[in-house]
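The primary structure of each chain is shown beneath.
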Amino acid sequence: MKFGGTSVGSAQRMKNMVSLVAAAGNATVVLSAMSGTTNSLISLSQCIVDGESGNAAKQIDDLEKKYRDTASELISDTALLKEAHSNLDSIFSELRQYPAMEFSEKQEKEVVAFGERLSTMLVSLYMKEKGMNSVLLDATEFMRTNSDGEPDQEYIKENIEIAMKRHPGVDVFLTQGFICRNHKGEIDNLQRGGSDYTASLIGAAINADEIQIWTDIDGMHNNDPRFVEGTTPVSELHFEEAAELAYFGAKILHPTCVQPAKHANIPVRLLNTMQPEAPGTVIFNAKPTHTIKAVAAKDNITAIKIKSSHMLLAYGFLRKVFEIFEKYQTPIDMITTSEVGVSVTIDNERNLKPILGELEEFGNVTVDHDMVIVCVVGDLEWKNRGFEAEVVNALKDIPVRMISYGGSNYNISLLIRKEDKIPALQLLSEHLF
Ligand code: ADP
Ligand code: ASP
Ligand code: MG
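These remarks concern the structure in this document. (Residues numbered from 1 in each chain as written. Chains lettered and ligands numbered in written order. Predicted model: local features only at pLDDT ≥ 70, side-chain atom pairs only at ≥ 80, totals over all residues. Heavy atoms only, no water.)

1. A closer look at the site of ligand 1
Residues in contact with ligand 1 amount to 16 residues; listed here are only the nearest, Lys2, Thr215, Asp216, His221 and Lys251. Here an oxygen atom of ligand 1 sits 2.8 Å away from a polar atom, N or O, in the side chain of Asp216. Here an oxygen atom of ligand 1 sits 2.7 Å away from a polar atom, N or O, in the side chain of Lys251. Bound to the protein, ligand 1 loses 87% of the 570 Å² it would expose on its own. The residue inventory of the shell around ligand 1, partitioned by class, reads five nonpolar, six polar and five charged. (Near = heavy atom within 4 Å. Polar contact = N/O pair within 3.5 Å; in protein donor to acceptor, adjacent residues only side chain to side chain. Areas by Shrake-Rupley, 256 points an atom, 1.4 Å probe, with all protein chains shown as cover. Nonpolar A, V, L, I, M, F, W, Y, C, P; charged D, E, K, R; others polar.)

2. Some points on the packing of aromatic side chains
Applying the stated criterion to the full structure yields six aromatic pairs. Ring centres of Tyr67 and Phe92 lie 6.4 Å apart, and the angle between their planes is 45°; on these two criteria the pair is classed as tilted. With Tyr67 in helix H3 (residues 53-74) and Phe92 in helix H4 (residues 78-95), the pair connects residues that are 25 residues apart, well separated along the chain. The exposure class of Phe92 is buried, given its relative accessible area of 1%. Relative to Phe103, the ring of Tyr98 lies with its centre 6.4 Å away and its plane at 85°, an arrangement referred to as edge-to-face. Pair check on accessibility: Tyr98 and Phe103 agree, each one buried. Members of the aromatic cluster, joined through ring pairs, are Tyr98, Phe103 and Phe114. Of note, Arg144 hangs over the ring of Tyr155, and the distance from its end group to the ring centre comes to 4.8 Å. (Phe/Tyr/Trp six-rings, centres within 6.5 Å; stacked < 30°, edge-to-face > 60°. Helix = DSSP H or I, 4+ residues; strand = E, 2+ residues; numbered from the N terminus. Buried < 20%, exposed > 50% of the residue type's maximum accessible area, 1.4 Å probe, protein only. Lys NZ or Arg CZ within 6 Å of the ring centre and 35° of its normal.)

3. Here we look at helix H5 (residues 105-112)
Count 3.6 residues to each turn of an α-helix, and residues three or four apart come out pointing the same way. Every buried residue of H5 is accounted for by Gln107, Glu110, Val111 and Val112. Where H5 is buried, its residues contact helix H2 (37-49), H4, helix H6 (114-129) and strand S6 (187-189). (Contact = heavy atoms within 4.5 Å.)

4. Section: the sheet that holds strand S4 (residues 172-176)
Across the sheet, eight strands lie side by side as S3-S4-S2-S1-S7-S9-S10-S8; this open sheet has mixed pairing. Here the strands that pair on one side only, and so sit at the sheet edges, are strand S3 (134-137) and strand S8 (236-238). Pairing between strand S1 (residues 2-3) and strand S2 (residues 27-31): two bridges, direction parallel. Looking at S2, one finds that Lys2 is bridged to Val30. (Pairing = 2+ DSSP bridges.)

5. Looking at helix H14 (residues 421-432)
The first and last C-alpha atoms of H14 sit 16 Å apart over 12 residues, in line with the 16 Å expected at 1.5 Å per residue. The complete set of buried residues in H14 reads Lys421, Ala424, Leu425, Leu428, Ser429 and Leu432. What you see down the axis of H14 is that its buried residues fit within an arc of 135°, all on one side. In this fold, the buried residues of H14 make contact with strand S11 (292-307), strand S14 (364-378), helix H13 (387-394) and strand S16 (411-417). (Expected span 1.5 Å × (residues − 1). Arc of directions from axis to C-beta.)

Here is the structure:
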């Protein structure tokens, strides 16, 4: 059971989530930081980098006050409350050392990890107060990435088993989402929103019956509820459909969190802590439905077009193009080709300059910044007629830079301008659902 930031966002929400865990009986529980805390810690790190020590000290004071208040509201037992405050003493005195330190990316990652350390510490004491047979495990003892920055699934499996075996007969294991160690043993994390990924990795490692992602909405909606009114939850998704939606911008799931569950064939259920009786969404090896299920959008996309007079009938051209992106460790999201050119998209401009420099050797290169990929997901097996026509028709008044269809049985992606994103999402909802 993974509870996100809003689901642990106040003492009252923590009480609610603990009652959901108590009702489940046996569970491994992954917690995010309280909502807002990770952002505060990132802004604190920026203050430290900028040498604004007064501002940094104030931010730490504000954060400490928030946690002292939350502890007092959450815990009534005198001895346990005393323990919470004494833990806060040591956690905050540790945090206060950072502004005086030499501060690089390593220290920033340590600072950002405080959020999940704080939320799990408080919830663990509250579980004790409720008389639950629970143990807090330190995620940095078993969550680990390899030298490619990918989760080391073998290490995780082996070490979480060791950690759990130290506490036989326990009903509830509690641990931090998001945080881990890298291959050098330093504190690291699984990127923003990474607690979902922790939950899925742990679910696969312990061969859980089900992975539950508890959040602030009743499942995966058929469009982005932040931009479109009247969206509705999708009751079932195939693993592949959910993976496409997560990767292409449905914020409810971390981009890669579906993979471990899919690989282990463990269903993932998206549930709402504020409305626990709602059915939510279940992600599994769902049967084909012959329907379009949902739409998502991914921002900050750059499109690159390479037009080459030599491409005609030339084998090896695409390989040369892709090798440049590989050399600069820049993943490609979308591709379209014609006889005289190829267009690709990337979501990371860090190495754009050298990439363009090398691509120009092949021909004429043009770049479009601030683009958005709109991704339509469902049972889009090519023999199911008419879906692509419906999608294109819905967007007939919006300029479309690229279209990608047929790469999988599950998606159609379209590249549009940033300013057209909200109208495009709305039009797709009107036409498709
Ligand atoms: P948590 O803190 O629990 O991890 P997130 O904020 O990361 O929660 O994800 C939940 C949010 O995702 C929702 O409140 C909603 O605004 C947003 N969201 C974006 N796209 C979708 C979608 N297709 N379905 C449901 N929620 C979505
Ligand atoms: N606390 C982290 C974040 O805000 C991880 C998570 O909540 O999933 O990104
Ligand atoms: Mg999230």
